[in-house]
Amino acid sequence: MRKLLGILAIVFGVCIYLYPAYQKWTLDSGTDAIIRNFEKEYGVDENTEDKSVYKTPVDSKIDTKDEKEKKKKMKYKNLYKEMKDYNDNLIKNGQKLVDAWSYSQTPVNLDELKSKDGAIGYIDIPDMDVKLPLYIGASEKNMALGAAVLSETSMPIGGESTNCVISGHRGYRGAPYFKDIELLKKGSKVYITNPWGKLTYMAYKIEVVSPSDVSSCLIQGGEDIITLLTCHPYMSHGRFRYLVYCKRCEDKKTETEIVDMIEKNKDESSENLSYAADVPVGNDYSEMIIKVEDFLRITVPILIFILVGIMWYRGRKSRK
């Protein structure tokens with residue numbers, strides 16, 4: 001009986017140690033398959049950088065002959081037009097936001113999509129070592145599969161006066177998702193690949209706000225941005241919201257302009273992260289919780305092995 005308990009304890013310790021790695025492997029396997037299928041079906045990949053039909057500076061119009069030809073030849077014209085019209089409608093009639101986290105409906109018709117699971121593309125965040133399928137509408141199903149665009153925010157096609165808010169779980173069933181969002185710094189790159197190409201963004205502002213602060217998700221006139229959104233702190237069940245604002249950088253010139261803007265607004269006495277007025281400073285214990293979680297994942301199995309070893313040694317000694 002004691003031997004059986006020892007074996008069970010060892011198995012339990014191994015499971016504790018391997019569970020996060022297994023969950024990440026499961027997530028990566030599932031998301032990689034979805035992304036590979038997307039690239040195959042739409043003929044795009046991570047090397048089709050900034051080939052979107054809307055690859056123009058935000059202060060100019062799409063009126064060149066080449067751009068008009070691109071629009072004529074582009075695939076899934078109806079879907080692109082519906083997304084563009086949706087974005088224009090948000091500018092014209094305003095966003096009806098109550099709590100940005102709660103908007104889960106899909107406001108555009110995705111029947112034209114080839115992807116069976118409804119992915120509109122994928123988001124790649126190198127500094128977080130995360131690449132996730134991207135869905136429209138932050139429903140439970142979509143959030144479980146990857147990252148999701150909140151309805152009542154701009155569709156992920158870029159363009160003047162757009163703010164596409166993309167939400168992700170701060171860890172989900174052992175898999176990371178946006179768990180390590182605090183690894184992002186001002187200047188970090190974020191890439192979005194959709195059926196029409198790849199869009200590049202650069203983080204320029206990071207802040208923590210209360211869940212009721214929907215103003216942080218509003219469109220900013222003339223800007224082409226995305227906002228990454230997740231819960232904060234880690235394992236707090238949505239006490240606050242962690243936001244990373246990213247500007248579109250289409251070429252070296254716009255990238256340099258964003259870097260210059262970051263440097264210009266840099267305050268040597270301030271941190272990379274800022275807190276909104278209604279958020280008490282000092283609640284940033286995510287890093288500590290993650291370290292404790294990682295520490296326990298390693299030490300608990302070790303302690304189990306030690307206890308099993310002690311039990312085995314005592315049992316062997318008592319038999320002599």
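Cut-offs applied
Residues numbered from 1 in each chain as written. Predicted model: local features only at pLDDT ≥ 70, side-chain atom pairs only at ≥ 80, totals over all residues. Heavy atoms only, no water. Helix = DSSP H or I, 4+ residues; strand = E, 2+ residues; numbered from the N terminus. Buried < 20%, exposed > 50% of the residue type's maximum accessible area, 1.4 Å probe, protein only. Contact = heavy atoms within 4.5 Å. Areas by Shrake-Rupley, 256 points an atom, 1.4 Å probe, with all protein chains shown as cover. Polar contact = N/O pair within 3.5 Å; in protein donor to acceptor, adjacent residues only side chain to side chain. Patch = residues over 30% accessible without salt bridge, like charges linked within 9 Å, V, L, I, M, F, W, Y side chains within 5 Å. Salt bridge = Lys/Arg side-chain N within 4 Å of Asp/Glu carboxyl O. Pairing = 2+ DSSP bridges. Lys, Arg positive; Asp, Glu negative; His and termini not counted. Charge placed at Lys NZ, Arg CZ, Asp CG, Glu CD. pLDDT = per-residue confidence, 0-100. Core = buried A, V, L, I, M, F, W, Y, C linked by side-chain atoms within 4.5 Å. Expected span 1.5 Å × (residues − 1). Arc of directions from axis to C-beta.

Take the overall build of the protein next. Across its full length, the protein holds six helices and eleven strands. Counting all 320 residues of the protein, 47% fall into the buried class. Of all intrachain contacts in the protein linking residues separated by at least 6 positions in sequence, the fraction that spans at least 24 positions is 71%. Accessible surface for the protein amounts to roughly 17200 Å². Of this, 56% is attributable to carbon and sulfur atoms.

For Thr 153, the location among the structural elements is in the loop between strand E3 (147-149) and strand E4 (162-167). Engagement of the side chain of Thr 153 in a polar contact is seen with the backbone oxygen of Leu 150, the distance being 2.5 Å.

Further remarks concern a nonpolar patch on the surface. Taken together, Ile 306, Leu 307 and Ile 310 make up a surface patch of nonpolar side chains, about 260 Å² in accessible area. Inspection of the secondary structure assignment puts Ile 310 in helix H6 (residues 286-319). Given a relative accessible area of 36%, Ile 310 falls into the partly exposed group.

Moving on, we get to the pairing of strand E7 (residues 189-194). For a regular strand, side-chain orientation follows a simple rule: the groups alternate between the two sheet faces. By the criterion of burial, E7 is predominantly enclosed, with five of the six residues buried. When strand E1 (residues 121-125) meets E7, the two strands line up antiparallel, connected through three bridges. Its bridge partner being in E7, Tyr 122 is matched across the sheet by Thr 193. The sheet contact formed by E7 and strand E8 (residues 197-209) spans six bridges and is antiparallel.

This brings us to the environment of Tyr 103. As for its placement among the helices and strands, Tyr 103 is situated in the loop between helix H3 (77-93) and E1. Along the backbone, Tyr 103 and Ser 151 are 48 residues apart, and their C-alpha atoms lie at a distance of 5.5 Å.

Before going further, it helps to spend a moment on a negative patch on the surface. On the surface, a cluster of negative charge is made up of Asp 251, Glu 257, Asp 260 and Glu 263. On the secondary structure map, Glu 263 appears in helix H5 (residues 252-264). A relative accessible area of 49% means that Glu 263 is categorised as partly exposed.

Turning our eyes to something else, we now look at the confidence of the model for the protein. In this model, the protein carries an average pLDDT of 77, and 64% of its residues clear a pLDDT of 70 or more. pLDDT under 50 marks residues 51-63. Its contacts with residues more than four places away, or in other chains, come to 38 contacts.

A word on the nonpolar core. Ranked by internal contacts, the top residues of the largest apolar core, which has 69 residues, are Met 83, Ile 123, Ile 166, Leu 228 and Val 244. Broken down by element, the residue count for this core peaks at eight residues, all from E8.

Here we take up the pattern of salt bridges. Counted according to the given criterion, the structure contains seven salt bridges. The salt bridge involving Lys 189 is made with Glu 255; its shortest N-O contact spans 3.3 Å. Residue Lys 189 is located in strand E7, and its partner Glu 255 is located in helix H5; the two are separated by 66 residues in the primary sequence. Here Glu 250 ties to Arg 248 by a salt bridge, and the two come within 3.8 Å at their closest N and O atoms. Residues Glu 250 and Arg 248 agree in their burial class; the two are buried. Here the residues in one salt-bridge network are Asp 224, Arg 248 and Glu 250, joined through shared partners.

An α-helix turns once every 3.6 residues. As a result, residues three or four positions apart point the same way. Taking 1.5 Å per residue as the helical rise, H3 with its 17 residues ought to reach 24 Å, and the 24 Å between its terminal C-alpha atoms agrees with that figure. Among all positions of H3, only Leu 79, Tyr 80, Met 83, Tyr 86, Asn 87 and Leu 90 are buried. In a view along the axis of H3, the buried residues occupy a sector of 125°, so they form one face of it. Turned more than 90 degrees from where H3 packs its buried face, Asn 78, Lys 81 and Lys 92 sit exposed. Buried residues in H3 make contact with strand E2 (130-136) and E4.

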